[in-house]
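# Overview (structure and organization)
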Amino acid sequence: MARPSFLDKFTGAGQRGDAPRSERELVRQNLEAVLNTKEGYGYFVDGFGLGRYTEKFGTQALMKTLTAELLHSVEKHEPRLQEVELELRGRDSGLWLHFVLTGLLLGEPCTLRVLFHTVSAQVRVENEEG
């Protein structure tokens, strides 16, 4: 049995009598929780959460640092995803950066969209459509 994800450790997912959710949905939910945690808040482990990219505001290194930090958090806190890659695909007029996250989930290809709001630093993780 796979190691439980960060969020599953606290929610007891799979231990309650809730309606079963797909593994993909559990991964999506866990990633959204992990990526919305800001460094220094919400967890007792030093260095947990996003935030190091903020020291790069206004520099050319910002996007590279943010992408690396997002990827590191996914690799560290979502053990069900293997061979993970993260690619910036662009931005929109609502100030959201659009990333595509790919990897293997239970040996099958899995693609998720990761949206990062450049003002609030809110992160949304969505299933990739078509």
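The following paragraphs examine the structure supplied in this document. (Residues numbered from 1 in each chain as written. Predicted model: local features only at pLDDT ≥ 70, side-chain atom pairs only at ≥ 80, totals over all residues. Heavy atoms only, no water.)

### So, the pattern of salt bridges
- Evaluation of the coordinates by the stated rule reveals 7 salt bridges.
- A salt bridge links E32 to R28; the nearest nitrogen and oxygen atoms lie 3.4 Å apart. In this pair, E32 and R28 are both assigned in helix α2 (residues 23-35), 4 residues apart and thus about one turn of the helix distant.
- What makes E32 partly exposed here is its relative accessible area of 26%. (Salt bridge = Lys/Arg side-chain N within 4 Å of Asp/Glu carboxyl O. Helix = DSSP H or I, 4+ residues; strand = E, 2+ residues; numbered from the N terminus. Buried < 20%, exposed > 50% of the residue type's maximum accessible area, 1.4 Å probe, protein only.)

### Describing the nonpolar core
- The biggest cluster of nonpolar side chains holds 20 residues, and the ones touching the most others in it are L31, L81, F99, L101 and V114.
- Where this core is concerned, the elements lending two or more residues are α2, α3 (62-77), β1 (81-91), β2 (96-105), β3 (108-117) and β4 (123-127).
- Apart from the residues within four sequence positions on either side, L81 is in contact with V27, L31, V74, L101, L104, L105 and C110. (Core = buried A, V, L, I, M, F, W, Y, C linked by side-chain atoms within 4.5 Å. Contact = heavy atoms within 4.5 Å.)

### Thoughts on the environment of E85
- Topologically, E85 is positioned in strand β1.
- Note on E85: relative accessible area 55%, which makes it exposed.
- In this view, E85 contacts L71, V100, L101 and T102; residues no more than four positions away in its chain are not counted.

Purely geometric stuff here, so don't read any function into it on its own.
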